[in-house]
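One letter stands for each residue in the lines below.
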Amino acid sequence: MGIRLPKIMDAKKILQKMHKANDIPKGHLIVYVGETSQRKRFVVPVSYLNHPSFKQLLDLAEEEFGFDHPISGGLTIPCSEQLFVEMTSDLAIL
């Protein structure tokens, strides 16, 4: 697990650099990740929507919220930030 830490930290930095509200590149979407009191905002490529592992996260969101997400302007995914960063790191490599 310690070997993967640099890759996770790099992905986290890249995702957080795209944090500005009006700085959403074409072909990306906003995703809010984390528990209710500590959600973080990420900007991810829409191409992630096609990956089975990201679809699992979307299924979690549907089970938790249905189509009534608590934060407007983005998709809320109820998983830990660490899990999200690990999964998106793997997707970025593909």
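Caption draft 1: Up close: the sheet that holds strand 2 (residues 40-45). The three strands lie next to each other as 2-1-3, forming an open sheet whose pairing is mixed. Across the chains shown, the open sheet's two edge strands, defined by having one partner strand only, are strand 2 and strand 3 (75-77). With strand direction ignored, the average angle separating the axes of adjacent strands in the sheet is 35 degrees. Taken together, the six bridges between strand 1 (residues 28-33) and strand 2 define a ladder with antiparallel strand orientation. Across the sheet, isoleucine 30 pairs through a bridge with valine 43, a residue of strand 2. Its contacts with the sheet place helix 2 (residues 52-65) against strand 1, strand 2 and strand 3, and it is angled at close to 95 degrees to strand 3.

Reading the values: the criteria
Residues numbered from 1 in each chain as written. Predicted model: local features only at pLDDT ≥ 70, side-chain atom pairs only at ≥ 80, totals over all residues. Heavy atoms only, no water. Pairing = 2+ DSSP bridges. Helix = DSSP H or I, 4+ residues; strand = E, 2+ residues; numbered from the N terminus. Axes fitted to C-alpha atoms, helices over the stretch in contact; angles between N-to-C directions. Contact = heavy atoms within 4.5 Å.

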